[in-house]
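Topology and contacts: notes
Spelled out, the chains give:
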Amino acid sequence: MTGLPGASPWSRLRLRQTPHLRNLTDEVGFTTSHLIQPIFVGDQVEARREVDGLGDNARMNLAAALDQVARDVDAGVRHFLLFPVPAAKTPRPSTFDFLRGVIAAIKDAHGQDLHLWVDLCLCAWTTHGHCAILDDRRRLDVPASLDALGAMAVAAADAGVDGVAPSDMMDGRTRHLRVSLDAAGHDRVPIMSYSTKFASQFYGPFRDAAGSAPGEGDRRHYQIDVRSRTDAIESSRRCAAEGADLLMVKPGLTSLDLIAPIALATGKLVGAYQVSGEYASLVALADRGLGRFDEMLLETWQVFRRAGAGFIITYGARRARALGVAP
Ligand code: PBG
């Protein structure tokens, strides 16, 4: 016995005994509106192309995507993160008509019933699969990349997108996007910056889905090194100073320790992206009978919330209501 007043073998167990007590002490409560569902839309003929490892997440053509979004809205999804996957690639993307068409079609069908974010990056549009335009010595051409991203943001906003999410990691892109959007009359469109995005092996299934694996080299010269806490926090601080409305860590599980420090350093809401490899690891465990998928998924979301995440981008958002997440 510890000598605490009334200390008994129940001193720690007392509040864990019943669902009512466990629910009362739930500090992570969240709703389906805190979750964002990614969708991959390609200009392909086939309706759905499965993505290895990502369960029921597929790359869809526009018609199939519209069906999927309608079902997802019925299932309680309110936020979507669109990844356009154009078939035609160029070294210097400059026009984004495919993106406009997809956004306009989704917003025409659903209006304000959903909030449509679009991922802004060049990797699905470039022949080499890097997130930037390269110069003739294959180095990052940052000014040219910013111009292309600005044009993409304005095209998306003209088509009616509700928010933009730059994921490219070029220096200065958040300010450039804010200025470009404002100049085009889109000063109400929020920016959710991928502000702390690490170079990671956990993006594997995504690169297949988005057709964006770099043809040569890797992304370590523009994404953050997992060993640097300083760069991780500074990168989010800079995005906040440049006008980001929402911040994000990515991958989520390997960045849990950074969520609270970034929120403190910036005063901004910080979300977590449960990336394709994290989600696929749960799918793989469940496929081998080593865990119950939905319970593992819910557990990871609860942990993101416990770590201080405001919102969660997850390939399982459409399952949330069936898992008992409140609307
Ligand atoms: C585009 C982008 C990537 C992801 C989101 N936006 C891939 C990358 O940076 O290589 C990864 C998402 C995921 O793995 O689920 N730059």
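Computed from a prediction, not measured in an experiment: that's the story for all the values here. (Residues numbered from 1 in each chain as written. Predicted model: local features only at pLDDT ≥ 70, side-chain atom pairs only at ≥ 80, totals over all residues. Heavy atoms only, no water.)

1. Topic: the site of the ligand
- Around the ligand there are 19 residues in total, and K197, R207, K250, S276 and Y315 lie nearest to it.
- Here S276 contributes a side-chain N or O atom positioned 2.7 Å from an oxygen atom of the ligand.
- Calculation on the ligand without its partners gives an accessible area of 400 Å², and the protein chains cover 100% of this total.
- Considered class by class, the residues forming the shell around the ligand number eleven nonpolar, three polar and five charged. (Near = heavy atom within 4 Å. Polar contact = N/O pair within 3.5 Å; in protein donor to acceptor, adjacent residues only side chain to side chain. Areas by Shrake-Rupley, 256 points an atom, 1.4 Å probe, with all protein chains shown as cover. Nonpolar A, V, L, I, M, F, W, Y, C, P; charged D, E, K, R; others polar.)

2. Considerations on the pairing of strand β4 (residues 79-85)
- For β4, the buried fraction is high: seven of the seven residues fall into the buried class.
- Residues of β4 alternate between two faces, with H79, L81, F83 and V85 on one and F80, L82 and P84 on the opposite face, all of them buried.
- The pairing of β4 with strand β5 (residues 115-120) spans four bridges and is parallel. Bridge pairing in β5 links L82 to V118.
- Note that the unit made of β4, helix α3 (residues 97-110) and β5 has a crossover that is right-handed. (Buried < 20%, exposed > 50% of the residue type's maximum accessible area, 1.4 Å probe, protein only. Helix = DSSP H or I, 4+ residues; strand = E, 2+ residues; numbered from the N terminus. Pairing = 2+ DSSP bridges. Right-handed = clockwise from strand over helix to strand, strands pointing away.)

3. Section: the packing of aromatic side chains
- According to the stated counting rule, one finds ten aromatic pairs in the structure shown.
- Among the aromatic residues, ring-to-ring pairing joins F40, F83, Y194, F206, Y273, Y279, F293 and Y315 into one connected group.
- In this arrangement the basic side chain of K250 is found over the ring face of Y203, its NZ or CZ atom lying 4.4 Å from the centre. (Phe/Tyr/Trp six-rings, centres within 6.5 Å; stacked < 30°, edge-to-face > 60°. Lys NZ or Arg CZ within 6 Å of the ring centre and 35° of its normal.)

4. Description of the nonpolar core
- Judged by nonpolar contacts, the single largest core of 54 residues is most densely connected at F40, L81, M192, Y273, W301 and I313.
- Considering each element in turn, this core owes the most residues, five residues, to helix α10 (residues 293-306).
- Filtering out sequence-adjacent residues up to four positions away, L81 remains in contact with I36, Q37, P38, I39, W117, V118, D119, A165, Y194, Y273 and I313.
- In this structure, V41, A65, A155 and A159 belong to the second largest nonpolar core, which totals 46 residues. (Core = buried A, V, L, I, M, F, W, Y, C linked by side-chain atoms within 4.5 Å. Contact = heavy atoms within 4.5 Å.)

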